Structure formats: C-alpha cells, structure tokens
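# Coordinates in review
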Amino acid sequence: QVIDYAVPPAKKTYPPRTLFAMLAAIFVSSGFLFFEFMMKQINHSSNPKIVNLRQEFFLMFPFRKRH
C-alpha cells in the first residue's frame, strides 16, 4: 500500500558543511597569519618594554630558543 509517492523538491537544499568548512579554514588561516605577524613584530622590536617582556617569557620557558 502506497500512501504518497516520492516527488523531488522544487528547490534543492544543500548542507552548509562546505560553507562552514571554508569559513573555518579562512578563520584559522587568518588567525595563524596574525599570530605569525605579531610574533615577528615582537621578536624584532627594539622597544625596551617589549624586550624585557620577551626576556622574561624566555626565562619562563627555558626549552625555547632565543632569537
């Protein structure tokens, strides 16, 4: 007994997985690029406050290389 016959929808719906994946990739990539840019600015800064903070940071983590 068939109650209703299957009919394809007029407007196709798509899962927004692709859109969400692209947005996540863009967000992560831009965050990484921002982090790298800030680290480069901090490592090459001649501001005495930043130099002092950088030295204290490297004292906290002795396994990191000094630049």
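Preceding this paragraph is the structure being described.
Residues numbered from 1 in each chain as written. Predicted model: local features only at pLDDT ≥ 70, side-chain atom pairs only at ≥ 80, totals over all residues. Heavy atoms only, no water.

### Regarding the overall build of the protein
What counts, and what does not: Per the convention used, a helix needs a DSSP run of H or I reaching at least four residues, while a strand needs a run of E reaching at least two, with both numbered from the N terminus. Each residue gets one of three labels from its accessible area relative to the maximum for its type: buried under 20%, exposed over 50%, partly exposed in between, using a 1.4 Å probe on protein chains only. The accessible surface values rely on the Shrake-Rupley method and a 1.4 Å probe; as for residues, cover is taken only from the protein chains in view.
Across its full length, the protein carries two helices and zero strands. Put simply, the protein has 67 residues, and 4% of those count as buried. Carbon and sulfur atoms form 68% of the exposed surface of the protein, whose accessible area is close to 7,000 Å².

### Observations concerning the side chain of Arg54
Quick note on the threshold: Asp and Glu count as negative and Lys and Arg as positive, but His and the ends of the chain are not part of the count. The salt bridge criterion pairs a side-chain nitrogen of Lys or Arg with a carboxyl oxygen of Asp or Glu, the two atoms within 4 Å. N or O atoms within 3.5 Å of each other form a polar contact, as long as, within protein, one can give a hydrogen and the other can take it, and as long as residues adjacent in sequence are counted only when both atoms are side-chain atoms. Two residues qualify as a contact provided that any one of their heavy atoms is within 4.5 Å of a heavy atom in the partner residue.
Mapped onto the secondary structure, Arg54 falls in helix α2 (residues 48-60). Glu56 is the oppositely charged side chain nearest to the buried, salt-bridge-free Arg54, at an N-O distance of 12 Å. From its side chain, Arg54 meets the backbone oxygen of Asn43 in a polar contact 3.1 Å long. If near-sequence neighbours (up to four positions away) are discounted, Arg54 is found in contact with Ile42, Asn43, His44 and Ser45.

### Notes on the side chain of Ser45
Inspection of the secondary structure puts Ser45 in the loop between α1 (17-43) and α2. For Ser45, a relative accessible area of 18% puts it in the buried group. In terms of polar contacts, Ser45 uses its side chain to reach the backbone amide nitrogen of Asn47, at 3.2 Å. Setting aside chain neighbours within four positions, we find Ser45 in contact with Ile50, Val51 and Arg54.

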